[in-house]
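The primary structure of each chain is shown beneath.
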Amino acid sequence: MSQSLCKIYLHIIFHIKTSSPCILDDDLDRVHAYIGHLVNDANCLNIWVDGTGDHVHVLCLLGREISIANLLETLKRNSSRWIKSLSPHYSMFAWQGGYAALSVSQSVVDKTLAYIKNQKAHHKKTTFQEEYKQFLKLYNIEYDEKYVFSD
């Protein structure tokens, strides 16, 4: 084969450290847009970024030449640095070390996109911890309860 082709949709979720200040509502759109630009700069294709003050969901197409671990390192390191520059409120801002990177079938991309776009309403009824555990269960991911939400 003379051409390398790739189409891998990812649903990425990551959370702030427990000691970190939450992202203020007035800054959420800017933060999500910045993370989307970082996705694109990593030669991936950003589809949508959304979330709440304490966590982020990213739907993207993974680029052919970057690993998931390198993409997440880039997103978290650069967005954390940028968020700290927004105001003194964020001087102690940091993301947790872990993340979830979940594969998304082409057949459920629209459903996943709608879910991510509905984060604010969704989290009026469900906590992040409940949501995250639901994803881990849905994807049959084994985890250690004492470490899954620790910094």
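Heads up: the structure comes first, above all this text.
Cut-offs used in this document
- Residues numbered from 1 in each chain as written.
- Predicted model: local features only at pLDDT ≥ 70, side-chain atom pairs only at ≥ 80, totals over all residues.
- Heavy atoms only, no water.
- Phe/Tyr/Trp six-rings, centres within 6.5 Å; stacked < 30°, edge-to-face > 60°.
- Helix = DSSP H or I, 4+ residues; strand = E, 2+ residues; numbered from the N terminus.
- Pairing = 2+ DSSP bridges.
- Axes fitted to C-alpha atoms, helices over the stretch in contact; angles between N-to-C directions.
- Contact = heavy atoms within 4.5 Å.

Student: Break down the packing of aromatic side chains for me, with residues and values.
Tutor: This model, assessed by the stated rule, comprises eight aromatic pairs. Look at phenylalanine 128 and phenylalanine 149: their rings are 6.2 Å apart centre to centre, the planes differ by 75°, and that puts the pair in the edge-to-face class. Linking phenylalanine 128 in helix α5 (residues 128-138) with phenylalanine 149 in the segment after α5, this pair joins segments that are 21 residues apart in sequence. What links up through ring pairs into an aromatic cluster is the set Phe14, Tyr90, Phe93 and Trp95.

Student: Explain the sheet that holds strand β3 (residues 55-62) to me, using residue names and the numbers behind them.
Tutor: Pairing within the open sheet is antiparallel, and its four strands lie in the order β2-β3-β1-β4. Two strands close off the open sheet at either side, each with one partner strand: β2 (45-52) and β4 (100-104). Adjacent strand axes in the sheet meet at a mean angle of 20°, parallel and antiparallel pairs treated alike. Note that strand β1 (residues 8-15) and β3 share eight bridges and pair antiparallel. The residue bridging leucine 10 from the neighbouring strand is cysteine 60, located in β3. Its contacts with the sheet place helix α2 (residues 68-84) against β1, β3 and β4, and it is angled at close to 45° to β1. The strands touched by α5 are β1, β3 and β4; relative to β1, the strand with the most contacts, the crossing angle is about 145°.

Student: Could you give me a rundown of the side chain of threonine 112, with the residues and numbers involved?
Tutor: Assignment of secondary structure puts threonine 112 in helix α3 (residues 109-117). If sequence neighbours within four positions are ignored, threonine 112 has contacts with His11, Leu59 and Val104.

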